[in-house]
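# Geometric and topological summary
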Amino acid sequence: MSRNRTIAWAALLAALAGGRASAAEQPPGVQQQILRSVGIEQKLDGQVPLDLPFRDEAGGRVTLGDYAGEKPVLLNLVYYECPMLCNVAMEGLVRTLRTLEFTPGDEFEIVTVSFDPRETPQRAAQAKRKFLRHYDRPDAAGGWHFLTGDETSIRPLAEAVGFRYEYDDQKAQFAHAAGIMVLTPDGRLSRYLDGIDYPARDLRLALVEASEYRIGSATDHVLLFCYQYDPATGKYGLLIHRVIQAAGAATVLLLGGGIGLMIWRERRARRAGRIPPRVGGGLDL
C-alpha cells in the first residue's frame, strides 16, 4: 500500500472514530463492513455521464457537460461538512495547485461535487470561498466549480467513476476514501491520483495526457516518454529502459553531430588552402 493510501485510510479511521464514540457502540462487525464497502475502483477510459443535473455554488442548474468539451477536467467527490478527510484532501489539492503554472479556467477545469444530497448551494459557496482563499489565485474562481445535487445524480456519477461510500448512522457521517480523477475533454476517465497528497509532477503530467498534449511544454512531453502512469499506485513511475533508450539516442546524435562538425571544418580548411590535399589512394573528404 502506498504512503498516500496509508495516510488516507488513517484519516478515514480517525474520522470514523467520531471523537469519544467507540466501535463498541456499534453492533459487532458493522464498522468493518462499512470499511470494506468504501474505496475507489479505477475505471480507466470509462465515460462519465455528462448529462446528470446538479446545481452550482450560485444555485444555477448545470450538468457536467457544461465544463467539458475543450479542456481536461479535474474531478473530485467530497462532502462539505466532512469533519476530517475531505478537508485534508482538499488542502492537499490546494497545496499542489499552488505549485502548478496551469490555472483552472485556462488550461483545465476543476469540478468538486458533494456526494451528500442534503448539502445546499449555499454550503458549496462557503466551501468555494474557503478553498479559493487558501489557493490565493483570483483568476481561478471561474474555473473551479463546487456542485451539489440529488441522490439521483450523485449515485450514478459515483458509480461511473468507481467512488464507493457509505453513510454511518451511528457516527452520523459518511465513510469514504480520498482521491481525484482527471477526465479528458470529452469526459472519459484518464487518470486517478489516490490519497490526500498529490505530487505536482503527477498532476501536471495527468492533465497533459488527458488534454491529448494540447497543453504543457516540450519538457512535459519528454517526461511522459520517461514516466508512465501506474494504475496500481495512482502515480507516475520512471521507466529505466526508456531513459536508457533516450540517453543512447542522445549519445548517437551528439557523436554524429561531432563527426559532422569535424568533417565540415576540415572541408572548409582545405578549401581555404590551410590543409594540403591528400595524395595516394586516400579518400578525399
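Right, let's get into the pairing of strand 10 (residues 179-183). Most of strand 10 is tucked away, with five of its five residues classed as buried. The two faces of strand 10 match: Gly-179, Met-181 and Leu-183 on one face and Ile-180 and Val-182 on the other face are all buried. Two elements, strand 10 and strand 11 (residues 189-194), share five bridges in a ladder whose sense is antiparallel. Considered in strand 11, the bridge of Leu-183 is made with Leu-189. Linking strand 10 to strand 11, which pair antiparallel, is a turn of five residues; within it Gly-187 sits at a positive phi near 90°.

Here we come to the environment of Lys-71. Mapped onto the elements, Lys-71 comes out in the loop between strand 3 (61-63) and strand 4 (73-78). With 136 residues separating them along the chain, Lys-71 and Leu-207 place their C-alpha atoms 9.1 Å apart. Among the polar contacts made by the side chain of Lys-71, one reaches the main-chain carbonyl oxygen of Gly-105 at a distance of 2.4 Å.

Before going further, it helps to examine helix 6 (residues 200-210). For helix 6, the buried fraction is high: eight of the eleven residues fall into the buried class. Residues of helix 6 that are buried: Asp-202, Leu-203, Arg-204, Leu-205, Ala-206, Leu-207, Val-208 and Ala-210. Immediately downstream of helix 6, the backbone of Glu-212 shows phi near 60°, a positive value.

The next subject is helix 5 (residues 151-161). What helix 5 keeps buried is the set Ser-153, Ile-154, Leu-157, Ala-158, Ala-160 and Val-161. Projected down its long axis, helix 5 shows its buried positions confined to an angular sector of 160°, all on one face. In this structure, helix 5 carries Thr-152 and Glu-159 as exposed residues pointing more than 90 degrees from its buried face. Buried-residue contacts for helix 5 involve strand 2 (53-55), strand 4, strand 5 (109-114), strand 7 (163-164), strand 10 and strand 11. After helix 5 finishes, the residue Gly-162 shows a positive phi value of roughly 80°.

In total, this model carries eleven salt bridges according to the counting rule given. In this structure, Arg-191 engages Glu-209 in a salt bridge whose closest nitrogen and oxygen atoms are separated by 3.1 Å. With Arg-191 in strand 11 and Glu-209 in helix 6, this residue pair connects regions lying 18 residues apart in the sequence. The buried category is assigned to Arg-191, whose relative accessible area is 17%. Asp-202 serves as the salt-bridge partner of Arg-201, at 3.0 Å between the closest nitrogen and oxygen.

Definitions and limits used
- Residues numbered from 1 in each chain as written.
- Predicted model: local features only at pLDDT ≥ 70, side-chain atom pairs only at ≥ 80, totals over all residues.
- Heavy atoms only, no water.
- Buried < 20%, exposed > 50% of the residue type's maximum accessible area, 1.4 Å probe, protein only.
- Helix = DSSP H or I, 4+ residues; strand = E, 2+ residues; numbered from the N terminus.
- Pairing = 2+ DSSP bridges.
- Polar contact = N/O pair within 3.5 Å; in protein donor to acceptor, adjacent residues only side chain to side chain.
- Arc of directions from axis to C-beta.
- Contact = heavy atoms within 4.5 Å.
- Salt bridge = Lys/Arg side-chain N within 4 Å of Asp/Glu carboxyl O.

Don't take any of this as a statement about function, it's just geometry.
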